[in-house]
Amino acid sequence: MYKHKDLLGLKNLTAAEINFLLDTAVPMKEIISRPIKKVPTLRGRTVVNLFYENSTRTRSSFELAAKYLSADSINISSSSSSVAKGESLYDTARTIQSLGADVVVLRHPMAGAPNLLAKTVKAAVINAGDGAHEHPSQALLDLFTVREHRGEIDGLTVVIVGDILHSRVARSDIWGFTKLGAEVRACGPPTLLPPGLEQTGARVFYRPEDALVGADVVIMLRIQKERQQQGLFPGLREYARLYGLNRERIALARPDVLVMHPGPINRGVEIAHDIADGPASLIEEQVTNGVAVRMALLYLLTGGGANNEADY
């Protein structure tokens, strides 16, 4: 069972709780494969998407998840709300509480913002990415996608390559995959690997040629071009040459390797065109699974359908 009021990260969840979330997403994916995707499960519930940073996949995914479950959704962005006038997160939270929201999906540039919001509102809070801290729903959809193809996570070798220093996806993926029994290898330039990374349970590599040997799953991370101004690596062309996933490097992994990317992709930088569009790529499938996983989260955090006349 999942008995928490909120979903703030995977670090403090047990393997049983993570598996329960993934199990709940299975029937949700069946719903979105139907010709008519809408069910009345969350009719009368309200979901507020509060995004202080730009987003395409995550925000759209939560919007569709709410609509497929018949919940009412409200979208609030910092640029078009009172936040632009200087309103604090605390006061915005009080306003949302007054609106009667059942779930608040928050993306915020500051790590820990969802935790603060969760203590302020009665509504369930879902962390949709906070700073360089965690992005739990992305990690859950990654786990769900791998489990669909491999049956289980335990015993797999998962390689995460790229800008791990600034990646909230990487942190949540590391917690999730290690808790479910996978060996996680984190690879990137030394300047893009956070100190103390080994304490998360991940093995650290500086050369993809070493990390990719025998890999079952490869997760490539976006190079955040805005960080290039800080001089953390020589340039995009140099990075692509040393760390980009191409035919030569992917050949080091298992023949049935799965290739993933949280998006958006910098084609030709962290991943070659033919790999991103090749048979090993699950990038588009990740997007579909993201809706199913987020439907499961909305369902569970609003009581698991206990107060609804109709289930799924």
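A quick note: this is a predicted structure, and the numbers were derived from the prediction, not measured.

Engineer: Tell me about the environment of Leu192, residues and numbers included.
Structural biologist: Checked against the element boundaries, Leu192 lands in the loop between β6 (183-187) and β7 (203-205). Between the alpha carbons of Leu192 and Ile223 there is a distance of 9.8 Å; along the sequence they are 31 residues apart. Beyond its immediate sequence surroundings of up to four residues, Leu192 is in contact with Gly162, Asp163, Ile164, Leu165, His166, Ile223, Leu232, Phe233 and Tyr239.

Engineer: Hey, could you go over the nonpolar core for me, with residue numbers and the actual values?
Structural biologist: Leu140, Leu143, Ile160, Phe177, Met295 and Leu298 are the most contacted members of the largest nonpolar core, which has 64 residues in total. Among the elements that make up this core, the one with the highest residue count is helix α11 (residues 283-301) (10 residues). Both domain 1 (15-134 + 288-302) and domain 2 (136-282) contribute no fewer than three residues apiece to this core. With residues up to four places along the chain from it excluded, the contact list for Leu298 reads Leu42, Val47, Phe62, Ala65, Ala66, Leu69, Val103 and Ile126. Counting residues in each nonpolar core, the second largest holds 27 residues, with Val161, Phe205, Leu245 and Val259 among its members.

Engineer: Describe the sheet that holds strand β1 (residues 46-51), listing the residues and the values that go with them.
Structural biologist: Sheet architecture is open: four strands sit in the order β2-β1-β3-β4, paired in parallel fashion. In the strand order of this sheet, the two ends are held by β2 (72-77) and β4 (124-130), each with one partner. Each strand axis lies, on average, 15 degrees off the axis of its neighbour in the sheet, ignoring direction. Taken together, the five bridges between β1 and strand β3 (residues 103-108) define a ladder with parallel strand orientation. The partner of Phe51 across the bridge, within β3, is Arg107. Here helix α4 (residues 113-120) sits on the sheet and contacts β3 and β4; the angle it forms with β4, its principal contact strand, is near 165 degrees. Sitting on the sheet, α11 is in contact with β1, β3 and β4, with an inclination near 150 degrees to β4.

Engineer: Which residues make up the UniProt feature "binding site: L-aspartate" (unreviewed entry) in the protein chain, and what values do they have?
Structural biologist: Under the feature "binding site: L-aspartate" (unreviewed entry), the UniProt entry names Lys85, Arg168 and Arg222. Of the annotated set, the members that line the largest pocket are Arg168 and Arg222.

Engineer: Give a description of the layout of surface pockets that names residues and reports values.
Structural biologist: Roughly 610 Å³ of internal volume is contained in the largest pocket. In terms of lining residues, the largest pocket is bounded by 25 residues, among which Arg107, Arg168, Arg222, Gln224 and Gly263 are the most central. Secondary structure elements with two or more residues in the lining of the largest pocket: α2 (57-68) and α6 (168-179). Each of two domains, domain 1 (15-134 + 288-302) and domain 2 (136-282), supplies a minimum of three residues to the lining of the largest pocket. The computed volume of the second largest pocket comes to approximately 360 Å³. Taken together, 21 residues make up the lining of the second largest pocket; nearest its centre are Gly9, Lys11, Asn12, His133 and Glu134. It is α6 that contributes the most residues to the lining of the second largest pocket, three residues altogether. Each residue belonging to the lining of the second largest pocket can be placed in one class, and the counts come to nine nonpolar, seven polar and five charged.

About the criteria used
Residues numbered from 1 in each chain as written. Predicted model: local features only at pLDDT ≥ 70, side-chain atom pairs only at ≥ 80, totals over all residues. Heavy atoms only, no water. Helix = DSSP H or I, 4+ residues; strand = E, 2+ residues; numbered from the N terminus. Contact = heavy atoms within 4.5 Å. Core = buried A, V, L, I, M, F, W, Y, C linked by side-chain atoms within 4.5 Å. Buried < 20%, exposed > 50% of the residue type's maximum accessible area, 1.4 Å probe, protein only. Domains from an automatic or database assignment. Pairing = 2+ DSSP bridges. Axes fitted to C-alpha atoms, helices over the stretch in contact; angles between N-to-C directions. UniProt positions renumbered as here; feature names shortened; annotations may be inferred. 1 Å grid on protein atoms, 1.4 Å probe; cavity = no way out; pocket = protein on both sides within 12 Å on 5 of 7 lines; lining within 4 Å. Points joined across faces, edges and corners; volume = space filled by probe spheres on them. Nonpolar A, V, L, I, M, F, W, Y, C, P; charged D, E, K, R; others polar.

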